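# Structural features, examined
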Amino acid sequence: DDMYNRALKERDANLTVSKDWDEFCALLNNKKIIMAPFCGEIPCEDTIKKDSARADQEVDANAPSMGAKSLCIPFEQPGDATTETCINPKCGKPAKYFTLFGRSY
């Protein structure tokens, strides 16, 4: 029970919502799990992964440089995603849901 509560506290401390691409990338670089509006299209997810990859390795040479990948679509949504635009600035499509994104370590 104590281990579960510590894990839950750690997860909650690193989980955030973002609707802005620059903020999304900054949060990803700070090892956060990000809930962001997403259109659900696979080519769009591939673009998010490519465009959120770290280009500047001087930030931390030991930090992973790969881009964000979708982790899941949470049952509990932080709001109505259909009123939002996909987090990918190159997309422009309406979001279908908020999706958890993170970087694999």
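### Structural notes on the environment of proline 43
For proline 43, the location among the structural elements is in helix H3 (residues 42-51). By relative accessible area, which is 57% here, proline 43 ends up exposed. On a C-alpha basis, the gap between proline 43 and cysteine 91 in space is 9.7 Å, while along the polypeptide they are 48 residues apart.

### Description of the packing of aromatic side chains
Taken as a whole, this structure holds three aromatic pairs when the rule is applied. Each ring, one from tryptophan 21 and one from phenylalanine 24, has its centre 5.3 Å from the other, and the planes form 15°; the classification is stacked. With a gap of three residues between them, tryptophan 21 and phenylalanine 24 both fall in helix H2 (residues 21-29), about one helical turn apart. Here the two residues tryptophan 21 and phenylalanine 24 agree in accessibility, since each one is buried. Between the aromatic rings of phenylalanine 24 and phenylalanine 101, the centroid separation amounts to 5.6 Å while the plane-to-plane angle is 80°, which identifies the pairing as edge-to-face. Of the two residues, phenylalanine 24 is situated in helix H2 and phenylalanine 101 in strand E4 (residues 97-102); the sequence distance between them amounts to 77 residues. Note on phenylalanine 24: relative accessible area 0%, which makes it buried. Phenylalanine 101 gets classed as buried once you look at its relative accessible area, which sits at 0%.

### Some thoughts on the sheet that holds strand E2 (residues 33-38)
The strand order E1-E2-E4-E3 describes an open sheet built from four strands, whose pairing is mixed. The strands lining the two open edges of the sheet, one partner per strand, are strand E1 (15-17) and strand E3 (69-72). Neighbour to neighbour, the strand axes of the sheet diverge by 45° on average, direction disregarded. Bridge analysis of E1 against E2 gives three bridges, and the strand direction is parallel. In the strand pairing of E2, leucine 15 is matched with isoleucine 33. Sheet strands in contact with H3 are E2, E3 and E4, and its direction is about 140° off that of E2.

### Looking at H2
Along H2, the positions that sit buried rather than exposed are Trp21, Phe24, Cys25, Leu27 and Leu28. The buried residues of H2 occupy an angular sector of 165° when the element is viewed end-on, so they sit on one face. Structurally, H2 contributes buried residues whose contacts are with E1, E2, H3 and E4. In this structure aspartate 20 caps H2, since a side-chain oxygen of it lies 3.3 Å from the backbone nitrogen of aspartate 22.

### A look at the side chain of threonine 99
With respect to the helices and strands, the residue threonine 99 is situated in strand E4. For threonine 99, a relative accessible area of 2% gives the class buried. For threonine 99, the residues in contact, after removing those within four places along its chain, are Ile34, Met35, Ala36, Phe38, Ser70, Cys72, Ile73 and Pro74.

Criteria and thresholds
Residues numbered from 1 in each chain as written. Predicted model: local features only at pLDDT ≥ 70, side-chain atom pairs only at ≥ 80, totals over all residues. Heavy atoms only, no water. Helix = DSSP H or I, 4+ residues; strand = E, 2+ residues; numbered from the N terminus. Buried < 20%, exposed > 50% of the residue type's maximum accessible area, 1.4 Å probe, protein only. Phe/Tyr/Trp six-rings, centres within 6.5 Å; stacked < 30°, edge-to-face > 60°. Pairing = 2+ DSSP bridges. Axes fitted to C-alpha atoms, helices over the stretch in contact; angles between N-to-C directions. Contact = heavy atoms within 4.5 Å. Arc of directions from axis to C-beta. Polar contact = N/O pair within 3.5 Å; in protein donor to acceptor, adjacent residues only side chain to side chain.

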